[in-house]
Amino acid sequence: MIFLVKSVSIKYYKELVTVAEKKISPNLSESKRSFFKRFYWRDYVVYITFIIVFITFSATLAQSGFLSSNNLLNIMRQSAIISVMAVAMTFVLATAEIDLSVGSVAGLASVVTAMVIGKFGLVPGILGGLCTGLLVGFINGTLVTRIGIPSFLVTLGMQGITTGAAMWVTNTAPIPISNSTYVYVFGSGNFGPIPSLVFWTVIALVIGHVVLRSTPYGRQALATGGNEVAARYSGINTKRIKLYTFIIMSTVASLAGMLYAGRMQSGRYQWGQGDELSVIAAVVLGGTSMFGGKGTIIGTIIGAILIGLINNGLILMGLSASQQMIVRGAIIILAVALTGRKVQN
């Protein structure tokens, strides 16, 4: 009797184990499929491209000093100002808007800062430069959110206005900056072993990443760009979010102009001209969607450094300016095409 009970128990136990294994195995395979489905390689195109370009230049330009510490720091310096503006542009594109005035705002802010420092001193000069961006951003945001003019047209028009204003007040002449403290902090100094421009990049990276991922404003900006109607019905003031975004963008652009002024030790309307294209390219390369709803600050910084890396490597290769433009444009188009394929699908 006891033997029969034990036999039945063992048989029942084996049946339970068999059934459990059949149930668990599909779940494990489903979880694996789910993992690989979530891991979409196009989201990491900027990192893959960066590694490939870096290895290629390291192998081909080793004798030209590409891997020297001075050259690597030079790449970081050259990418710093674009990186700072690209962090703010990430928020603009994440809300499904665009700002084409950032380069000209940087030039105007550099001029205002230089002029005010010359007349009133360091602190008023810094405040004057930042207020320039605040004013331009407020005008851009108001025209877009209150009047309903597309941001492309508003910022394209503002690009001409700010460039013309900077040329007018300076008569196209550079305004020198002799304040050593300003020059040291905003471009030419070092904080320990770190150049001040790289320090500003790190600050922008940390603040931008925290704001985008860990604050209500960042989440609402992504929601606004992802589906503005749904965001509005969920209680988000989408117009206010976009207004704040344009103000932040222009203020950061004015900071970039101040960095140009510190590095060049002068304010000039030409500082920042054409930077809007590099800034937008860096953001899109980094994985931020131009259709809104998606953004990554770390990817943006990598995208900006990648552009600086390409520029530096092509110069060391001895290519002419026209050849550099062709190669650089081809690499950027290829990387952006690979990144954007998922969105199109």
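Just so it is clear, the structure is predicted and the values come from calculations on it, not from any experiment. (Residues numbered from 1 in each chain as written. Predicted model: local features only at pLDDT ≥ 70, side-chain atom pairs only at ≥ 80, totals over all residues. Heavy atoms only, no water.)

With that settled, the discussion passes to the overall build of the protein. Of regular secondary structure, the protein possesses 14 helices and 4 strands. The 345 residues of the protein split such that 44% are buried. Of all intrachain contacts in the protein linking residues separated by at least 6 positions in sequence, the fraction that spans at least 24 positions is 76%. (Helix = DSSP H or I, 4+ residues; strand = E, 2+ residues; numbered from the N terminus. Buried < 20%, exposed > 50% of the residue type's maximum accessible area, 1.4 Å probe, protein only. Contact = heavy atoms within 4.5 Å.)

Okay, the layout of surface pockets next. Empty space among the atoms becomes apparent when a probe as large as a water molecule is rolled across them. Here the largest pocket defines a volume of roughly 540 Å³. For the lining of the largest pocket, the secondary structure elements donating two or more residues are helix 3 (69–94), helix 11 (238–264), helix 12 (275–285), helix 13 (297–316) and helix 14 (321–344). (1 Å grid on protein atoms, 1.4 Å probe; cavity = no way out; pocket = protein on both sides within 12 Å on 5 of 7 lines; lining within 4 Å. Points joined across faces, edges and corners; volume = space filled by probe spheres on them.)

If you check helix 5 (residues 122–147), its first and last C-alpha atoms are 37 Å apart, about what 26 residues at 1.5 Å a residue would give, namely 38 Å. Listed in full, the buried residues belonging to helix 5 are Gly125, Gly128, Gly129, Thr132, Gly133, Val136, Gly137, Asn140, Gly141, Val144 and Thr145. Structurally, helix 5 contributes buried residues whose contacts are with helix 4 (102–120), helix 6 (151–170) and helix 11. Looking one or two residues beyond helix 5, the residue adopting positive phi is Gly148, at roughly 90°. (Expected span 1.5 Å × (residues − 1).)

The contact between helix 3 and helix 11 brings their axes to 8 Å, and the two run at 170°. The orientation of helix 3 with respect to helix 11, classified from their angle, is roughly antiparallel. Here helix 3 contributes Arg77, Gln78, Ile81, Val84, Met85, Ala88, Met89, Phe91 and Val92 to the contact with helix 11, which in turn contributes Thr245, Ile248, Met249, Val252, Ala253, Leu255, Ala256, Leu259, Tyr260 and Arg263. In the contact of helix 3 with helix 11, the residues fall into 15 nonpolar, 2 polar and 2 charged. (Axes fitted to C-alpha atoms, helices over the stretch in contact; angles between N-to-C directions. Parallel < 35°, antiparallel > 145°, perpendicular 65-115°, else oblique. Nonpolar A, V, L, I, M, F, W, Y, C, P; charged D, E, K, R; others polar.)

Take the environment of Val111 next. With respect to the helices, strands and loops of the structure, Val111 is situated in helix 4. The buried category is assigned to Val111, whose relative accessible area is 0%. Once the C-alpha coordinates of Val111 and Gln270 are considered, the two residues, 159 residues apart in sequence, prove to be 9.7 Å apart. If we ignore the near neighbours within four places in the chain, the residues touching Val111 are Ala166, Val169, Thr170, Gly267, Arg268 and Tyr269.

Okay, the nonpolar core next. Counting residues in hydrophobic clusters, the biggest one holds 72 residues, and the most contacted among them are Met85 and Met89. Looking at this core element by element, the count peaks at 14 residues for helix 3. Other than its neighbours up to four places away in sequence, Met85 contacts Val102, Met249, Val252, Ala253, Ala256, Asp275 and Val279. (Core = buried A, V, L, I, M, F, W, Y, C linked by side-chain atoms within 4.5 Å.)

This part covers the pattern of salt bridges. As enumerated under the stated definition, the model contains 3 salt bridges in all. The partner of Lys242 in a salt bridge is Glu97, and the shortest N-O contact between them spans 2.6 Å. Taken together, the positions of Lys242 in helix 11 and Glu97 in the loop between helix 3 and helix 4 put the pair 145 residues apart, joining distant regions of the chain. Accessibility assignment for this pair places Lys242 and Glu97 in one class, buried. (Salt bridge = Lys/Arg side-chain N within 4 Å of Asp/Glu carboxyl O.)

These values are about where atoms sit, not about what they do.
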